[in-house]
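One-letter residues, chain by chain:
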Amino acid sequence: MEQQALKVTNVSKYFGGGFDYRKLVSWCLPVTASRPAVAHVLRDVSFEVRRGEVFGLIGANGSGKSTLVRVLSTLLLPDSGSVEVFGHDVVKASGSVRALINRVSADPSFFRNMSSYENLLFFGRIYGLSPGEIRVLVPEVLRRLGFKEEMASEPMNHLSRGQQQKVAVARSFLTSPVMMLLDEPTTGLDPRSRRDVQRFIRDVQRDHDVTILLTTHDMEEAEILCDRISFIAGGRIVASGTPLELRERVARGRPVEEIDMEDVFMELTGHDLEEDEAPAEMAAHG
Amino acid sequence: MASFTNPMAASRSTGPVILAWAFVERQTNLWKRYWAWELVWLVYGVVNTLAITFIAREVEQAGIAGARDANDLVLFLLLGTLVWAYLSAVLDDISLVITWERWEGTIEHTLMAPVPRWVHLVGMSVFGVLHAIVRTLLIFAIALPFFAVDFSQADWLAAVAVMAVGSVSIAGLGILAGVLPLLYPERGTQMSFMVQAVVLLISGVYYSVEVLPGWLQILSYASPATYILDGIRGAIIEGEGVGALAETLAILALFGALWCRFPSLCSRWRSAGRSAPGS
C-alpha cells in the first residue's frame with residue numbers, strides 16, 4: 001500500500017497584524033510611523049507527497065516556498081490548516097516530526113570559525129549520533145559528495161561556497177532523515193558542485209527510503225530530480241503534476257518535448273521565474 | 001494517515017545529559033576558535049579588577065580610612081569585581097545564545113533538531129558556568145599579587161557553597177534575558193544587555209546596597225546577585241560559615257527553584273520563535 005509521507009492541507013501563513021503597541025505611544029511617533037500591512041505569504045496551500053517520492057515546489061523568489069519549508073520544519077506555526085509528516089502533526093507533535101526530517105537551505109548556515117568536522121560533530125550529536133558513529137559516517141558522506149577529506153579540519157569560512165554547500169548536504173543526510181526538505185540546495189553553486197550535489201541526492205533517494213521535497217527555481221534541476229512538481233505563485237499552488245502532465249496542459253497540439261518548462265511555468269502562473277515576486281502579497285485589509 | 005517513526009532515530013535513544021553535553025562541546029570548540037577574543041576579555045577583566053580595587057588603596061593613602069578598614073575595602077572591591085566577572089560571564093554566555101546563533105546563521109538548524117529547548121538551555125548554562133569559573137580564576141590569580149590582602153578569616157567552603165547555589169539562579173536570570181531576543185526579535189538583544197546593566201546597579205557589586213535610594217534597595221531584593229555578593233563577602237571577609245549563611249543560601253536556593261520552572265517559559269519561547277519570520 002502506498003504511504004503518504006507529507007500531507008499539507010489548506011495551510012495559510014501571514015506575517016504582521018498582531019497587537020500594535022505603537023498606538024499606545026502614537027503621540028511621540030512621527031506621522032509616517034504606521035504599522036506595515038499584513039503580508040499573506042501562503043494561501044490555502046494543499047498537496048500530498050508519497051513516501052519515496054521526490055516532489056518539486058517551483059516558484060520565483062518571494063513566492064512562499066521557503067516559508068512553507070519553515071512551516072514543515074516546525075520553525076513557523078501555520079495560521080490555519082494542517083501539516084502532517086508521516087502522520088505526525090507539525091504543531092502538536094513537533095518533536096516527533098523533528099526526528100523524521102532534515103533540511104538543506106540555500107544558505108549553508110554554519111558556525112563559520114569552526115571546521116566542517118566540528119560542525120558536523122555538533123549537528124550529528126544533537127540528532128543522537130555518538131562521536132564514534134560520526135567519525136565513521138562523516139568521511140564516507142563527504143567522499144560521496146566529492147569533498148576533499150583534508151579540508152574537513154579547515155574553518156568553514158576558508159571553504160568555497162560550493163564546498164560549504166556540500167557540507168550542508170552532508171549535515172542533513174548524516175542523520176538519516178526519512179524526509180528531506182531541500183530548499184534551493186544548489187542555488188549559487190558552480191556547475192560541477194551542482195552536479196555533485198544532484199548526483200548525491202539521486203543516489204541517496206534511490207538507495208535509501210527517503211522522501212524529498214525540493215524547492216527550486218531551476219527548471220532543469222526540477223526535471224532531473226522530481227517525480228511530480230507543483231508551481232507556487234503568490235503563496236498559492238497554481239498547478240501540479242508530473243513534468244509531462246504539466247507540459248501536456250499547455251501543449252495545445254504541439255509536441256510536448258518541444259515545450260520548455262519555463263514556458264510552462266510562465267503560462268500556468270503568469271509569472272517569470274527570473275523575476276522576484278513582491279516579498280509577500282499585501283492584504284487589502286492590512 | 002498512519003504515523004511512522006524514523007527507525008534510525010529511534011535506535012538512538014540519547015538521554016538529555018548527552019544531548020546537553022553536545023552544546024558544551026560545541027561552545028568549547030567555538031571558544032578555542034575565538035581564543036583571541038577570550039584573551040581580550042581576560043585582559044579587560046584583569047584591568048577592570050585592578051582599576052576598581054586600586055580605589056581602596058587611594059582611600060588609604062588619602063587618609064580617609066585606616067589600614068584595617070582599607071584592607072577590608074580592598075577585599076570588598078576585589079570580591080565585587082571578581083564575582084561580577086563571574087556573573088557577567090555566565091549571563092553573557094547564556095543570554096547571548098540566541099543572538100550568537102542568529103549571527104552565525106545556525107539558529108534554524110539548531111531549533112529544528114529533536115532537542116527539547118530546556119536541554120539546549122541546560123547545556124548552555126553548564127558551559128557558561130564552567131567558562132566563567134576558568135576566566136574568573138585566571139583574573140583572580142593575575143590580580144591577587146597586586147594587593148597584600150589577608151584571607152586568614154576566609155571560609156572557602158561557605159564561599160564555594162554560595163557560588164554553587166547562586167549559579168543556578170544566575171543561569172535562570174541568563175535564560176530569562178536569553179529569551180528576550182526570541183520574544184522581541186528586533187530589540188531583544190539590547191533588552192538583555194539592559195537586564196545585565198540593571199543587575200549591576202542594584203546588586204551592590206561595588207558598594208553595599210544600603211547606599212542606594214530606597215526604591216532601588218527594594219529592587220535589589222529581587223536580584224540573586226545581591227545575595228551572592230552578600231554571601232561571598234560574608235564568607236571571605238567575615239569568615240561566616242555555611243551555618244551562618246544558611247538564610248542567604250536558602251534564599252538563593254529559592255531563586256534557583258523558581259528559575260528551574262522554566263519549561264513554561266520555554267514553551268512561550270517555542271511559540272515566539274515560530275511566529276516570527278526567519279527566526
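Here's what I pulled together on the structure shown here. Along each chain, numbering runs from 1 in the same order as the chain's sequence is written. Chain labels run from A onward and ligand labels from 1 onward, assigned in the order the entries are written. With the structure being a predicted model, the display of local features is reserved for residues of pLDDT at least 70 and the display and counting of side-chain atom pairs for 80 or more, all residues being used for whole-chain, interface and lining totals. Values reported for side chains reflect all heavy atoms of the structure, with hydrogen atoms and water molecules removed beforehand.

1. Some points on the overall build of chain B
Moving on, step 1. Looking only at helices and strands, one finds 13 helices and zero strands in chain B.
Moving on, step 2. By the criteria applied, helices consist of DSSP H or I runs no shorter than four residues and strands consist of E runs no shorter than two, each listed in order from the N terminus. In sequence order, the secondary structure elements of chain B are arranged as α-α-α-α-α-α-α-α-α-α-α-α-α.
Moving on, step 3. Looking at chain B residue by residue over its 279 residues, the buried ones come to 51%.
Moving on, step 4. The long-range share in chain B, meaning contacts at least 24 apart out of those at least 6 apart in sequence, stands at 81%.
Moving on, step 5. Accessible surface, chain B as shown: approximately 12800 Å² in total, 69% of it carbon and sulfur. Residue burial is assigned from relative accessible area. The probe radius is 1.4 Å, only protein chains are included, and a residue is buried under 20% of its type maximum, exposed over 50%, and partly exposed in between. Contact criterion: two residues are considered in contact whenever any of their non-hydrogen atoms come within 4.5 Å of each other. Here the open area of atoms and residues is found with the Shrake-Rupley method and a 1.4 Å probe, where only the protein chains shown may cover a residue.

2. Section: the overall build of chain A
Moving on, step 1. A count of helical and extended segments in chain A gives nine helices and eleven strands.
Moving on, step 2. Across the 286 residues that make up chain A, the buried fraction comes to 53%.

3. Here we look at the interface of chain B and chain A
Moving on, step 1. With 45 residues of chain B at the contact, the number on the chain A side is 51 residues.
Moving on, step 2. Accessible area, probed at 1.4 Å, shrinks when two parts are joined; the buried area is that loss added up over both. Of the roughly 4300 Å² buried between chain B and chain A, counting both surfaces, carbon and sulfur atoms make up 56%.
Moving on, step 3. We define a salt bridge as a contact between a side-chain nitrogen of Lys or Arg and a carboxyl oxygen of Asp or Glu at a distance within 4 Å. Linking chain B to chain A there are five salt bridges.
Moving on, step 4. With its nearest N and O atoms 2.7 Å apart, the salt bridge here joins E108(B) to R103(A).
Moving on, step 5. Polar contacts, as used here, are pairs of N or O atoms within 3.5 Å; protein pairs need one atom able to donate a hydrogen and one able to accept it. Residues neighboring in sequence count only if both atoms are side-chain atoms. Where chain B touches chain A, the interface holds ten residue pairs in polar contact (both at pLDDT 80 or more).
Moving on, step 6. Of all the secondary-structure elements, those providing two or more residues to the side of chain B that touches chain A are α1 (7-10), α2 (16-33), α5 (97-104), α6 (107-111) and α13 (263-273) of chain B.
Moving on, step 7. With ten residues, α2(B) is the largest single contributor of residues to the side of chain B that touches chain A.
Moving on, step 8. Gly counts as polar in this scheme, as do all residues outside two lists: the nonpolar Ala, Val, Leu, Ile, Met, Phe, Trp, Tyr, Cys and Pro, and the charged Asp, Glu, Lys and Arg. Residues that form the side of chain B that touches chain A fall into these classes: 22 nonpolar, 13 polar and ten charged.

4. So, the nonpolar core
Moving on, step 1. The definition of a nonpolar core used throughout is a set of buried Ala, Val, Leu, Ile, Met, Phe, Trp, Tyr and Cys residues joined through side-chain atoms within 4.5 Å. Counting 99 residues, the largest nonpolar core has L6(A), V8(A), F47(A), V85(A), I126(A), L213(A) and F231(A) as its most contacted members.
Moving on, step 2. In this view, I126(A) contacts L19(B), A22(B), F23(B), T110(B), A113(B), P114(B) and V115(B); residues no more than four positions away in its chain are not counted.
Moving on, step 3. Membership of the second largest hydrophobic core comes to 54 residues, among which are L79(B), V149(B), V162(B) and I228(B).

5. Description of the packing of aromatic side chains
Moving on, step 1. Aromatic rings from Phe, Tyr and Trp, with only the six-membered ring used for Trp, were paired whenever their centres fell within 6.5 Å, and each pair was classed as stacked if the ring planes differed by under 30 degrees, edge-to-face if by over 60, and tilted otherwise. For the structure shown, the criterion picks out 16 aromatic pairs over all chains.
Moving on, step 2. A ring pair is formed by W31(B) and F127(B), whose centres lie 6.4 Å apart and whose planes are at 80°; its orientation type is edge-to-face. Remark: F127(B) occurs in helix α7 (residues 117-143) and W31(B) occurs in helix α2; sequence separation between them is 96 residues.
Moving on, step 3. Classification of F127(B) by relative accessible area gives buried; the value is 5%.
Moving on, step 4. Between F151(B) and W156(B), the aromatic rings sit 5.4 Å apart at their centres with planes inclined by 50°, giving tilted as the arrangement.
Moving on, step 5. With a relative accessible area of 44%, W156(B) lands in the partly exposed category.
Moving on, step 6. A connected cluster of aromatic rings, assembled from ring pairs, spans F111(A), F122(A), F123(A) and F23(B).
Moving on, step 7. For a lysine, the NZ atom is tested; for an arginine, the CZ atom; a charge sits over a ring if that atom is within 6 Å of the ring centre and within 35 degrees of the ring normal. Between R112(A) and the ring centre of W103(B), over which it is positioned, the NZ or CZ distance is 4.4 Å.
Moving on, step 8. Of note, R233(B) hangs over the ring of F76(B), and the distance from its end group to the ring centre comes to 3.6 Å.

6. Topic: empty space enclosed by the protein
Moving on, step 1. Using only the protein atoms, space was sampled on a 1 Å grid; points where a 1.4 Å probe fits but cannot get out form cavities, open sets with protein on both sides within 12 Å along at least five of seven lines form pockets, and lining residues are those with an atom within 4 Å of a point. Grid points are joined across faces, edges and corners, and a volume is the space filled by probe spheres set on the points. This model, assessed by the stated rule, comprises two cavities of 30 Å³ or more.
Moving on, step 2. The volume enclosed by the second largest cavity comes to roughly 40 Å³.
Moving on, step 3. Forming the boundary of the second largest cavity are N102(A), F123(A), Y127(A), R171(A), H109(B) and M112(B).
Moving on, step 4. Here the lining of the second largest cavity is built from residues that sort into three nonpolar, two polar and one charged.

7. So, the pattern of salt bridges
Moving on, step 1. As enumerated under the stated definition, the model contains 20 salt bridges over all chains in all.
Moving on, step 2. Across the pair E53(A) and R228(A) runs a salt bridge whose closest N-O atoms are separated by 2.6 Å. Pair noted here: E53(A) is in the loop between β2 (39-50) and β3 (54-58) and R228(A) is in strand β9 (residues 228-233), with a separation of 175 residues, a long-range link. Each member of the pair, E53(A) together with R228(A), is buried.
Moving on, step 3. The closest approach of N and O atoms between E104(B) and R112(A), which form a salt bridge, is 3.4 Å.

8. Quick notes on a negative patch on the surface
Residue and element names in this part refer to chain B.
Moving on, step 1. The patches described consist of residues with a relative accessible area above 30% and no salt bridge, like charges being joined within 9 Å and nonpolar side chains (Val, Leu, Ile, Met, Phe, Trp, Tyr) within 5 Å. In this count, Lys and Arg are taken as positive residues and Asp and Glu as negative ones, while His and the chain termini are left out. In this description, the location of a charge corresponds to atom NZ of lysine, CZ of arginine, CG of aspartate or CD of glutamate. Together, E210, D230, E238 and E240 line one region of the surface with negative charge.
Moving on, step 2. Checked against the element boundaries, D230 lands in helix α11 (residues 224-236).
Moving on, step 3. Looking at D230, the relative accessible area reads 51%, which means it is exposed.

9. Here we look at the sheet that holds strand β6 (residues 101-104) of chain A
Residues and elements named next belong to chain A.
Moving on, step 1. The pairing criterion is simple: DSSP has to find at least two bridges between the two strands. A sheet is described by the order of its strands in space; here six strands give the open sequence β6-β7-β8-β3-β9-β10, paired in mixed fashion. The two strands at the open ends of the sheet, each matched to only one other strand, are β6 and β10 (236-241). Across the sheet, the mean angle from the axis of one strand to that of its neighbour is 20°, orientation sign disregarded.
Moving on, step 2. Sheet topology places β9 next to β10; five bridges connect them, and they run antiparallel. Bridge pairing links I232 to I237 in β10. Lines fitted to the C-alpha atoms define the axes, with helices restricted to the stretch that makes contact. Angles between their N-to-C directions range from 0 to 180 degrees.

10. Quick look at helix α12 (residues 246-259) of chain B
Each α-helix turn comprises 3.6 residues. Residues three or four places apart therefore point the same way.
All names here are of chain B.
Moving on, step 1. To estimate how far a helix should extend, the number of its residues minus one is multiplied by 1.5 Å. Between its first and last C-alpha, α12 extends 20 Å over 14 residues, near the 20 Å set by a 1.5 Å rise per residue.
Moving on, step 2. Among all positions in α12, only T248, L249, L252, F255, G256 and W259 are buried. Looking straight down α12, one finds its buried side chains confined to an arc of 120°; they lie on one side. Seen from the buried face of α12, the exposed residues on the opposite side, beyond 90 degrees, are E247, L254 and L258.
Moving on, step 3. Considering only its buried residues, α12 is in contact with α8 (156-183) and α11. What the arc measures is the spread of directions leading from the helix axis to the C-beta atoms.

11. Description of α11(B)
Residues and elements named next belong to chain B.
Moving on, step 1. Taking 1.5 Å per residue as the helical rise, α11 with its 13 residues ought to reach 18 Å, and the 18 Å between its terminal C-alpha atoms agrees with that figure.
Moving on, step 2. The buried count for α11 comes to twelve of 13 residues, which makes it a mostly enclosed element.
Moving on, step 3. Every buried residue of α11 is listed here: P224, A225, T226, Y227, I228, L229, G231, I232, R233, G234, A235 and I236.

12. Comments concerning the packing of helix α3 (residues 35-61) of chain B against α7(B)
All names here are of chain B.
Moving on, step 1. Relative to each other, α3 and α7 sit at 50°, their axes nearing to 9 Å. By the angle between their axes, α3 is oblique relative to α7. For the element pair α3 and α7, the recorded crossing hand is right-handed. Mapping the contact onto sequence places E38, W41, L42, G45, V46, T49 and L50 in α3 and H131, R135, L138, I139, I142 and A143 in α7. An angle below 35 degrees is read as roughly parallel, one above 145 as roughly antiparallel, one from 65 to 115 as roughly perpendicular, and any other as oblique. Each crossing gets its hand from how the near helix is turned against the far one by less than a right angle, where anticlockwise is left-handed and clockwise is right-handed.

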